[in-house]
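Understanding the architecture of this molecule
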Amino acid sequence: MNTDVRQPEHSKNIITFGTFDVFHVGHLNILRRAKSLGGRLVVGVSSDALNYRKKGRYPIYNEQDRLAIVAGIKYVDDVFIEYSLELKSRYIQQHAADTLVMGNDWQGKFDELASLVEVIYLPRTPVISTTSIIDVIKNF
C-alpha cells in the first residue's frame, strides 16, 4: 500500500470536516488524500451535539477522544470542534483555507462555498462506513 504523500508544488491550506467516529481506513484514506492536495490540513471534528442533530445518535467516542484521535494522524496539522454545519464558511475563513475537501456522499451540498474556496469531493472508500461497523458489532 502506497502511503506516500506527494509534496505540492504550491503549498495551500486544505480543510475537511467529519465525525470520525470509530476511526477506520476510510477516514485515514480521505485524510491522506486531502493532505496530498496541499501543504497544511486542518480538520473540523463534529461536536457530539452536531452529530446528534445530523444522525439522530451520539457518537460512540466523545468529541474530545475523536479530536485526539484525528490530531494524532500524521497527515493532520490542526484540528478543531465543528459546532454547526451553517458555520462552514466561518471555519474556512478562520483557517485561511484554499480548498474544502469532502467525501462524495456530500456531492453538491457545499457548492455554494465555491466563491470562498475550491470545493473538491473525493470518492469514499468502498464497502466501509462507521454505520456498517457499528451494525456488525451490534449484531455480533
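By the naming in an unreviewed UniProt entry, the protein goes by Adenylyltransferase/cytidyltransferase family protein and is assigned to Citrobacter sedlakii.

Let's talk about the nonpolar core
By size, the foremost hydrophobic cluster in this structure holds 17 residues, and its most contacted members are Leu-31, Leu-41, Val-43, Val-70 and Val-76. Excluding residues within four positions of it along the chain, Val-43 makes contact with Thr-16, Phe-20, Leu-31, Val-70, Val-76, Asp-78, Val-79 and Phe-80. Phe-17, Met-102, Val-117 and Tyr-121 belong to the second-largest nonpolar core, a separate cluster that totals 13 residues.

Quick notes on the pairing of strand 4 (residues 99-103)
Burial runs high along strand 4: 5 of the 5 residues are buried. With burial as the criterion, each face of strand 4 is covered, one bearing Thr-99, Val-101 and Gly-103 and the other bearing Leu-100 and Met-102. Pairing geometry for strand 1 (residues 13-18) and strand 4, over 3 bridges, is parallel. Across the sheet, the residue bridging to Ile-14 is Thr-99, located in strand 4. Direction of pairing for strand 4 relative to strand 5 (residues 118-122): parallel, over a ladder of 5 bridges. Within strand 5, the residue paired with Gly-103 across the bridge is Leu-122.

Some words on the pattern of salt bridges
Evaluation of the coordinates by the stated rule reveals 7 salt bridges. Where Arg-57 meets Asp-21, a salt bridge forms, and the shortest distance between an N and an O atom there is 3.6 Å. Remark: Asp-21 occurs in the loop between strand 1 and helix 1 (25-35) and Arg-57 occurs in the loop between helix 2 (48-55) and helix 3 (63-71); sequence separation between them is 36 residues. We classify Asp-21 as buried; its relative accessible area is 3%. When the shortest N-O distance is used, the salt bridge between Lys-35 and Asp-77 registers 2.6 Å. Within this pair, whereas Lys-35 is found in helix 1, its partner Asp-77 is found in the loop between helix 3 and strand 3 (78-82), the two being separated by 42 residues in sequence.

Things to note about the pairing of strand 3
Here is the key point about a regular strand: its side chains alternate between the two faces of the sheet. Of all the 5 residues making up strand 3, 4 are buried; the element is thus mostly covered by neighbouring parts of the structure. Of the pairings in the sheet, the one linking strand 2 (residues 40-46) to strand 3 comprises 5 bridges and is parallel in character. Note that in strand 3 the partner of Val-42 across the bridge is Asp-78.

Points about helix 1
Residue pairs spaced three or four apart in an α-helix point in one direction, given the helix's 3.6 residues per turn. The element helix 1 is extensively covered by neighbouring structure, given that 8 of its 11 residues are classed as buried. Inspection of helix 1 places Gly-26, His-27, Asn-29, Ile-30, Leu-31, Arg-32, Ala-34 and Lys-35 among the buried residues, and these make up the whole buried set.

The rules behind these values
- Residues numbered from 1 in each chain as written.
- Predicted model: local features only at pLDDT ≥ 70, side-chain atom pairs only at ≥ 80, totals over all residues.
- Heavy atoms only, no water.
- Core = buried A, V, L, I, M, F, W, Y, C linked by side-chain atoms within 4.5 Å.
- Buried < 20%, exposed > 50% of the residue type's maximum accessible area, 1.4 Å probe, protein only.
- Contact = heavy atoms within 4.5 Å.
- Helix = DSSP H or I, 4+ residues; strand = E, 2+ residues; numbered from the N terminus.
- Pairing = 2+ DSSP bridges.
- Salt bridge = Lys/Arg side-chain N within 4 Å of Asp/Glu carboxyl O.

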